[in-house]
Amino acid sequence: MTALTKEKPFYITTPIYYVNAKPHLGHAYTTIAADVARRYHAMKNVPTYFLTGTDEHGDKIAEAAKNEQMSPKEYADRISSLFKDLWPQLDIRNDDFIRTTDERHKNVVAQVLSNIYEKGDIYYSEYEGLYCVGCERFYQERELVDGKCPDHLKEPQRIKESNYFFKMSAYQDWLIDHINQHPDFIRPKQYRNEVLSFLKEPLEDLCISRPKTRLTWGITLPFDDKFVTYVWFDALLNYVSALGFPDDEKFRTFWPHVQHIIAKDILKTHAIYWPTMLKAAGIPLFQSLNVHGFWNMGDSKMSKSLGNVANPLTLKDTYGVDAYRFFLMRDMVFGLDSNFSEESIIQRINTDLANDLGNLFSRVLAMSFKYFDGRVPESDPHVEEEFDLSLEKEAMDAVDDYSESMDTFAFHKGLAAVFKFISRMNKFIDEKAPWDLAKDPALKPRLQAVMVNLLEGLRLVSGLLYPIMPGTSKTMQTHLGVDADPDYYLLEHVRAWKQLVPGSELKKIKALFPRIEVKESKQPEPVQVTGLKPELKPEITFDDFSKLDLRTATVIHAEAIPKAEKLLKVTVDMGEGRERTIVAGISKSYSPEELIGKQVILVANLKPVKLMGQLSEGMILAASDKKGFVVASFDTKVKAGTPVK
RNA sequence: GGCGAUGUAGCUCAGUCGGUUAGAGCAUGCGGCUCAUAUCCGCAGUGUCCUUGGUUCAAUUCCGAGCAUCGCUACCA
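(A) Seen up close, the sheet that holds strand β9 (residues 186-187). Reading across from one edge, β3-β2-β1-β14-β15-β9 is the order of the six strands in this open sheet, with parallel pairing throughout. Strands with a single pairing partner mark the edges of an open sheet, and in this sheet they are β3 (96-99) and β9.

Here it is in structure tokens:
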């Protein structure tokens, strides 16, 4: 066997999950991937550390808590525990679970902020802004209408608002350079390119504070107690705070070797904010950012806001944790989006797990009992060589391909390598036909060789599957008469050929993975029966509704706005003695000519806003899906300005 | 609108640094075996390799344009 290269400690993280939503499939995938990566690296006999946790500060949490009449902390406790309690059920073994409300975390955030502040990379900006007292907010010049706040029609005051900014822009060139020099810094490649392309535009400095007058649920800035830390400076630092930055032994051992796993929606924060923050703080950078895609459910994207989430618990209960983990790791090409359906899970289970692996396992064990009384036979190497009965070469190839893929987070490829070997074993049985060898006592040495190679192959497979299917791995080893202690999973040991001891006892098995019989119904059962998409919004009162002033209006003119992709400038008559201009994003579905003369429904009391330099005084109601728009209209002519309710 | 990616068998995708029969898995059809979970093995397919110009002796592969889809971004009130 080849000597394994000396491997470094391995530290793997998932993002910390925001506690404004319950765990869903996306969270489960990320965390399982991290668990798989960690278990795989543990097989290399290096120290490993696996961190996950929850992100708990911010407006949304404070609001959500208020709605439930709880304190923010109570609310965060509740959701956080949903995550924390879920992971063991998915056979995920994280070493730590960090919460941004932990004292240890808050201390580190304060410490790092002080650090960067003293270094001069955080500055207090007294930028002048146009502030409307009525709105309690700042306006950009372009948002104003005739120099006035579109809402209150008053000129905003030019005042100084104070906030703290991180000099992210100072690190732009350095970051581009770093990414270019480290091909594995962001992977797969498509995301690396995306980041580099984003960095072609000038980077802006990052606002890292919120005045406490606006937000209190956060970590107070160490150098100004009138402010709390805003979002990313809080959340991202969990990766170091959990290790006991800066002095803890864990930090020294693991930090330099950190691998992050994220979904593509938080690419920018992790690929741009995070490295520049680390650089500014004088902390070594992470090794790689490993970016995966989304699970699509039927047509719509997995997302918190759509609410069409698959409950990981339900699925693992239906199909078993191992099969569930296997499906997620095997079916998604790491980095790309995948489609999720119950049908595809069933197909994976039946073809790969039941037919190929499970049946192979059964037939090999059954023959071992039939021909050798349930004991591992002895094999003569000369016989193996003379009759070409060794699987060693293929087995070694499988381990090599597997390792190469697993090292780069290409879990799907790693599994494909294992299953290629499994197929090879099924074919091997067919070629060597042990049942024929068994008929002639003179052929017994050959029969022994065949069976030993198969049993060895299965032992090896059981080891390689350990990171993905720890339970199955153990079951297989138990039946192969192997004492499944942790050492047995060392890659070195797994790879070593001929580990089974002749004469040791095997155990019978019924079915490693029973086939799932699908009912003959033509229509596969939908995974989610959640009704409306997107989901219904929260209930409102009649009073809420009454705030809307809907009116009929007639389109008298419409034109496309130059350079705008979707916007039409629509002039309407609402019977108020003047014309109104509406900017509507419907040009993909309507040409200007089609609209002229049409009666539409207008949200007439909507706050005016400037779009593409055009003032829009209302909104035209239309049915909309991703294919386009259908403007709401009437079947009889109505006087312009008539209220609609 | 800008930048980028993708478009290959019914499905999911690989591949072709330009060159005679374009691949894998799943699904389909046929054949074989019987140790096994009606499992396994073999064979058979089917493709205008998005469209259209160009370069070339030769393009699915290179270049240009177009269409479609997706991502980021800019303006979807």
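(B) Region of interest: the packing of helix α12 (residues 321-331) against helix α13 (residues 342-372). Interaxial distance between α12 and α13 falls to 10 Å at its minimum, and their mutual angle equals 95 degrees. Accordingly, the angle class assigned to the pair α12 and α13 is roughly perpendicular. Counted together, Ala323, Phe326, Phe327, Arg330 and Asp331 of α12 and Ser344, Ile345, Arg348, Ile349, Asp352 and Leu353 of α13 form the full contact between these two elements. The residue inventory of the contact of α12 with α13, partitioned by class, reads six nonpolar, one polar and four charged.

(C) Fine view of the sheet that holds strand β4 (residues 122-125). A sheet is described by the order of its strands in space; here three strands give the open sequence β4-β8-β10, paired in antiparallel fashion. The outermost strands of the open sheet, each flanked by one partner alone, are β4 and β10 (206-207). Note: β4 against strand β8 (residues 163-166), four bridges, orientation antiparallel. Its bridge partner being in β8, Ser125 is matched across the sheet by Asn163.

(D) Broad picture of α13. Remark: the principal bend of α13, roughly 35 degrees, maps to Ala354. Residue Asp373 follows α13 closely and has a positive phi angle near 60 degrees.

(E) How the structure looks around the pattern of salt bridges. In total, this model carries 28 salt bridges according to the counting rule given. Here Arg99 ties to Glu56 by a salt bridge, and the two come within 2.6 Å at their closest N and O atoms. With Arg99 in strand β3 and Glu56 in the loop between β2 (48-55) and α2 (59-67), this residue pair connects regions lying 43 residues apart in the sequence. Neither residue differs from the other here; Arg99 and Glu56 are each classed as buried. For Arg252, the salt bridge goes to Glu249, with nearest N and O atoms at 3.4 Å.

Rules used in this analysis
- Residues numbered from 1 in each chain as written.
- Chains lettered and ligands numbered in written order.
- Predicted model: local features only at pLDDT ≥ 70, side-chain atom pairs only at ≥ 80, totals over all residues.
- Heavy atoms only, no water.
- Pairing = 2+ DSSP bridges.
- Helix = DSSP H or I, 4+ residues; strand = E, 2+ residues; numbered from the N terminus.
- Axes fitted to C-alpha atoms, helices over the stretch in contact; angles between N-to-C directions.
- Parallel < 35°, antiparallel > 145°, perpendicular 65-115°, else oblique.
- Contact = heavy atoms within 4.5 Å.
- Nonpolar A, V, L, I, M, F, W, Y, C, P; charged D, E, K, R; others polar.
- Bend = angle between axes of the 7 residues up to and from the residue.
- Salt bridge = Lys/Arg side-chain N within 4 Å of Asp/Glu carboxyl O.
- Buried < 20%, exposed > 50% of the residue type's maximum accessible area, 1.4 Å probe, protein only.

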